Amino acid sequence: MGGALDVNEFVAGYLVEVEEHLSASMANLLAVEAALRAGESSPRAIRELFRALHTIKGLSAMVGVEPIVDLAHAMETVLRAADRAAGSLSASSIEVLLRGLRSIEERARALAEGKPVLPAAPELLAALTALDLAAAPSPPVPTIGADPEILAKLGPGERVQLAQGVAGGRRALRVDFVPSPARTAEGVNITTVRERVGKLAEIVKVVPLSVPAGDGAPGGIVFALLVLTSAPDEEVARAAAADGVRALTVEPPVPPAVAALAEREPDEPADREPQLRGVVRVEVARLDDALDKLSALVVTRFRLARAAAELRARGVDTRDLSEILREHDRTLRDLRGAIMRARMISVAELLERVPLVVRGLGRATGKQVRLEIDAGKAELDKAVAERVFPAIVHLLRNAVDHAVEPPAERRRLGKPEEGVVRVSCFERSSNQLELSVADDGRGIDRALVARRAGRPAPESDAALLDLITLPGLSTLDQATKTSGRGLGMDIVRRIAVEQLSGELSVSTSPGAGTTFTLRIPLTLTIVDAFSFLCGDQLFVTPVASVEEVMEIDAARILRGPAPGQARGGTMLPALGEARGGTMVPAPGEARGGTMLPAVGEARGGTLLIERRGEVVPLVDLGALFELGASPARRALVVRRHGAPFAFGVTRVIGQQEVVVRPLEDPLVRVPGVSGSTDLGDGRPTLVLDLVTLSGRLSAGRGGRGALVRGAS
């Protein structure tokens, strides 16, 4: 026999499990609160909350975290009584249970950080013990038409759940699954049946029934699944590998004998079985290591391609090698996709804590706020998710504290007392996510913002965004616990634009509300990028930020307004004049690849290019970076705040996967440069953020000498 068991070996796995169950518990408790406000009970959420806490208690006892065991046990007692009361909880009970969940979360975090785990607060345990559940309204329990052995195992909460489902327009069905050796050999068992039926219906209860063994039931057991569904009976029966289904009748509620029914309900549901989800938990550090190895392979691929090109230039037959390289490219792209999928988390998972944030903000401000979330099936890299979540929290604080009016003001304006904050997102392309936070509040007062900033009132939403993201600017006279220090929107801009190389925009309407929109990449490490030349210097830029690659036609180059003249509320840069379709220095300026005038200093106006009836500002990127006088023959078109901006380049080489390495040293970080990459020649190549650069130029902050020539 070995030595004593070291429970520290299990702490990492324990913390992951507890985090998952706490997240589910928070969501279920908020669902109970929402049902209470609607005057309904929530038996299913109560049971799921009880099961999560029961699991937390068992896991905590296993690793010896007694304070969490004490808290979970006290909360279990409250929830068991609530389940026996047909899923009813009082408002005061919800508040105390929420405090209990936060207390468990604090102690789990302390354990993760290696700090002492404090005992459960005596006043909290006393509050849980003293909860007066008798005051909670118990809804009448309906009568269910089913066999006696089924009724004997149905608790009040499950009966109410069936009745609520029928009242909502679904059908209550019983479908029987009979296990057999033949079905087991085919991989069909009660676990797989539950998974398949769960996709078509809400499973209320699975009741195992003993029957005489025979040809129809070789094992002498039948599992009766009680479900609520809108799917056709045939589909439900097929999913359960059953011959058919039976309808359950639900009669109008009658005054229940809840206590008598509750006595027959077992403490542990008989139908609960281990759920094998086929999930393996992997530390993020291991995924990061796999991504680093993949990054090295991407760089090696560039080196192989260069070596093959050199052999071809010497007249060597490289057809076989080229075929191997093409196969290698396909395999590497598939491997990249597999690793990136492993790093992805659903946006719905990212937003799980948002309801709790909005609830706390509503209570702190005394406002009634309803949160709506539409996350769809979008996913993003965990590293991006961790960076963008603080920005989402700041936008929510901004919406609740600044935008949504107090109930009395909303009544006076003819609005519902309850404000609405909506968080929605969807994938705009294979590598970009659009996330918006909208409210139906008062909108942004442009005049007030301008007075606070000491600047003229902005005429466009883009100019307004530039004002409200100024550090230290706030429209509140006094800072509160939630906002008012003028940091929130500046932080949002820094996260979305500078850290994630994305885009932030706003649209607002007085009295109707405001919408903030973030467009961010799904991943930051390995991205598809265009490589291009400015003079003799090679650059890359993410494909996701480029709307179009177009040829520069001399006939379509126009002269815009004089420097400093606003067009549509945005200052346009002026970098020189067009001669014969080529970008050249303005008169009086040096030629031969030397200095061009800084933004706003050119004589004769701004260069514009016509694109399908649309006039787009045009900037010669090579001239801006002082990289020589090579003519710009192609233009990369990007959009910022919905407005297009074109950058002239010498030549577009192609599209490829690149590994982006961020520039950590603040001495070499420059606006418009998001990182560097290696294209296989051993030399660093700058990765340009053209959207940010267009913003700097439009605001007149670009200028010459902003970037150094070359990557070194």
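One structure accompanies this document, and this report is about it.

Attention now moves to the overall build of the protein. The secondary structure content of the protein amounts to 22 helices and 28 strands. Relative to its full complement of 712 residues, the protein shows a buried share of 48%. Excluding contacts between residues fewer than 6 apart, the proportion of contacts in the protein whose partners are at least 24 apart in sequence is 71%. Summing over all exposed atoms, the protein offers an accessible surface of approximately 34,100 Å²; the carbon and sulfur share of this is 53%.

What follows deals with the sheet that holds strand S24 (residues 634-640). Pairing in this open sheet of six strands is mixed, and the strands run S16-S24-S25-S23-S22-S17 from one edge to the other. With partners counted over all chains shown, the strands left at the sheet margins are strand S16 (548-551) and strand S17 (557-559), one partner each. Looking at each pair of strands side by side, their axes are set apart by 40 degrees on average, direction ignored. Pairing between S24 and strand S25 (residues 643-649): seven bridges, direction antiparallel. What sits directly across from Ala 635, in S25, is Gly 648. This element, helix H22 (residues 690-698), spans strand S23 (614-620), S24 and S25 of the sheet and lies at about 80 degrees to S24.

Between its terminal C-alpha atoms helix H15 (residues 354-365) stretches 17 Å, which fits the 16 Å expected from 12 residues at 1.5 Å a residue. Along its buried surface, H15 packs onto helix H1 (11-37), helix H4 (91-112), strand S8 (369-374) and helix H16 (382-403). Positive phi shows up at Gly 366, right after H15, with a value of about 75 degrees.

Right, let's talk about the pattern of salt bridges for a bit. Side-chain pairing between opposite charges can occur once the charged atoms of the two side chains come close. According to the stated counting rule, one finds 43 salt bridges in the structure shown. As a salt-bridge pair, Arg 442 and Glu 409 come within 3.1 Å of each other at their nearest N and O atoms. Highlighted residues: Arg 442 in the loop between strand S11 (432-439) and helix H18 (446-453) and Glu 409 in helix H17 (residues 407-412), separated in sequence by 33 residues. Of the charged contacts, one joins Arg 634 and Glu 551 as a salt bridge, the two residues approaching to 3.9 Å between their closest N and O atoms. With Arg 634 in strand S24 and Glu 551 in strand S16, this residue pair connects regions lying 83 residues apart in the sequence. Where salt bridges share partners, they join Glu 547, Glu 548, Arg 611, Arg 612, Glu 614 and Arg 639 into one cluster.

Bringing the packing of aromatic side chains into the picture now. For the structure shown, the criterion picks out three aromatic pairs. For the cation-ring pair, Arg 80 lies above Phe 50, with the distance from its terminal atom to the ring centre recorded as 4.4 Å.

Attention now goes to the sheet that holds strand S3 (residues 201-210). Taken together, four strands build an open sheet; the order of strands is S3-S4-S2-S5 and the sheet is antiparallel. Of all strands in the sheet, those bounded by a partner on one side alone are S3 and strand S5 (245-247). Going from strand to strand, the sheet's axes swing by 25 degrees on average, the running direction of each strand aside. Inspection of the sheet shows S3 paired to strand S4 (residues 221-229) by nine bridges, in the antiparallel sense.

For the rest of this paragraph, the subject is the environment of Glu 434. Structurally, the position occupied by Glu 434 is in strand S11. Residue classification places Glu 434 among the buried positions, given a relative accessible area of 15%. Between the C-alpha atom of Glu 434 and that of Leu 522, which follows or precedes it by 88 residues, the distance is 9.7 Å. If near-sequence neighbours (up to four positions away) are discounted, Glu 434 is found in contact with Ser 424, Cys 425, Phe 426, Arg 428, Thr 517, Leu 518 and Arg 519. One polar contact links Glu 434 to Arg 519, side chain to side chain, over a distance of 2.9 Å.

Each value, and the rule that gives it
- Throughout this document, residue positions are counted from 1 along each chain, in the order its sequence is written.
- Only residues with pLDDT of at least 70 get local features here, since the model is predicted, and only at 80 or more are side-chain atom pairs given and counted; chain-wide, interface and lining totals rely on the full set of residues.
- Based on all heavy atoms of the structure, the side-chain values leave hydrogens and waters out of the count.
- By the criteria applied, helices consist of DSSP H or I runs no shorter than four residues and strands consist of E runs no shorter than two, each listed in order from the N terminus.
- For each residue, the accessible area found with a 1.4 Å probe, counting protein chains only, is set against the maximum for its type, and the residue is called buried under 20%, exposed over 50%, and partly exposed in between.
- Contact criterion: two residues are considered in contact whenever any of their non-hydrogen atoms come within 4.5 Å of each other.
- Values of accessible area rely on a 1.4 Å probe in the Shrake-Rupley scheme; residue burial ignores everything except the protein chains shown.
- Paired strands, in this sense, are two strands between which DSSP finds at least two bridges.
- To obtain each axis, a line is fitted to C-alpha atoms, and for helices this fit is confined to the stretch in contact; angles are then taken between N-to-C directions over 0 to 180 degrees.
- A helix is expected to reach a length of 1.5 Å times the quantity of its residues less one.
- Take a side-chain nitrogen of Lys or Arg and a carboxyl oxygen of Asp or Glu: if they are within 4 Å of each other, that pair is a salt bridge.
- Geometry of aromatic contacts follows a simple scheme: Phe, Tyr and Trp rings, the Trp one being its six-membered ring, pair when their centres are within 6.5 Å, and the pair is stacked under 30 degrees between planes, edge-to-face over 60, tilted otherwise.
- Our definition puts a charge over a ring when NZ of Lys or CZ of Arg is within 6 Å of the ring centre and also within 35 degrees of the ring normal.
- For the purposes of these results, a polar contact is taken to be a pair of N or O atoms within 3.5 Å, where, inside protein, one atom must be able to donate a hydrogen and its partner to accept one; residues adjacent in sequence count only when each atom of the pair is a side-chain atom.

Just geometry here; none of it tells us what the structure is for.
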